[in-house]
Amino acid sequence: MDEFIYDGENESLQKILELSEEKVKIICHKCKNELLILHNWRDSLKCNKRPGIYCPINEKHLCIWFIMSDRREELWRRFYQRQEERKNENY
């Protein structure tokens, strides 16, 4: 299998990551171009994006962001901070 067409379904996300590591081309289901898969921050910074899976032609076709464990705490801290700010604005 040299190519795999990915439609963005969560059920096959792990399979996509494994195939990508095996150098299988992962193809956009809409435009048939090879998807950009950025596994970590080092790779993503080269492309000025977040870690994830992107269609290189149009991110409306496919755009999945990964939440990396080293940033998870920051993400949740911001989330709860924004919730508090919104709650305070409503009073």
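Structure first, text after, so check above.
Structural notes, computed from the coordinates. On a predicted model such as this, the values are computed, not experimentally measured, just so you know. (Residues numbered from 1 in each chain as written. Predicted model: local features only at pLDDT ≥ 70, side-chain atom pairs only at ≥ 80, totals over all residues. Heavy atoms only, no water.)

## Digging into the nonpolar core
Across soluble globular proteins, nonpolar side chains have a tendency to be buried as a group. Grouped together as the largest cluster of nonpolar side chains are 16 residues, with contacts concentrated most on Y6, I16, I26, L35, I53 and L62. Mapped onto this core, the elements with two or more residues apiece are strand 1 (3–6), helix 1 (13–21) and strand 2 (25–28). Element by element, the count of residues in this core is highest for helix 1, at four residues. The contact partners of I53, leaving out residues within four places of it in the chain, are Y6, L13, I16, L35, L36, I37, L62, C63, I64 and F66. (Core = buried A, V, L, I, M, F, W, Y, C linked by side-chain atoms within 4.5 Å. Buried < 20%, exposed > 50% of the residue type's maximum accessible area, 1.4 Å probe, protein only. Helix = DSSP H or I, 4+ residues; strand = E, 2+ residues; numbered from the N terminus. Contact = heavy atoms within 4.5 Å.)

## Observations concerning the packing of aromatic side chains
For the structure on display, the rule yields one aromatic pair. Consider the rings of F79 and Y80, whose centres lie 5.3 Å apart with planes at 70°: the pair is edge-to-face. Since its relative accessible area comes to 38%, F79 is described here as partly exposed. In this structure, K49 packs its charged tip against the face of Y54, placed 4.9 Å from the ring centre. (Phe/Tyr/Trp six-rings, centres within 6.5 Å; stacked < 30°, edge-to-face > 60°. Lys NZ or Arg CZ within 6 Å of the ring centre and 35° of its normal.)

## Quick notes on the side chain of S44
You can see S44 is positioned in helix 2 (residues 41–47). Discounting residues that sit within four places of it in the chain, S44 has contacts with L38, K49, R50 and P51.

## Re the side chain of S20
One can find S20 in helix 1. The contact partners of S20, leaving out residues within four places of it in the chain, are I26, I37 and H39.

## Looking at the pattern of salt bridges
Tallied over the full model, the rule gives two salt bridges. The partner of K49 in a salt bridge is E59, with the nearest N and O atoms 2.5 Å apart. Placement of the pair is K49 in the loop between helix 2 and strand 4 (52–54) and E59 in the loop between strand 4 and strand 5 (63–65), with a sequence separation of 10 residues. The exposure class assigned to K49 is partly exposed, which follows from its relative accessible area of 27%. E59 gets classed as partly exposed once you look at its relative accessible area, which sits at 34%. Among the salt bridges present, the one from E84 reaches K87, with a minimum N-O distance of 3.5 Å. Taken together, the positions of E84 and K87, both in helix 3 (residues 69–90) and three residues apart, correspond to about one turn of that helix. Judged by relative accessible area, which is 39%, K87 ranks as partly exposed. (Salt bridge = Lys/Arg side-chain N within 4 Å of Asp/Glu carboxyl O.)

## As for unusual backbone geometry
Notably, K23 is not glycine yet its phi reads approximately 70°, a positive angle. When you line up the elements, K23 lands in the loop between helix 1 and strand 2. A positive phi is found at N48, a non-glycine position, where the angle reads about 60°. You can see N48 is positioned in the loop between helix 2 and strand 4.

These figures come from the coordinates and say nothing about function on their own.
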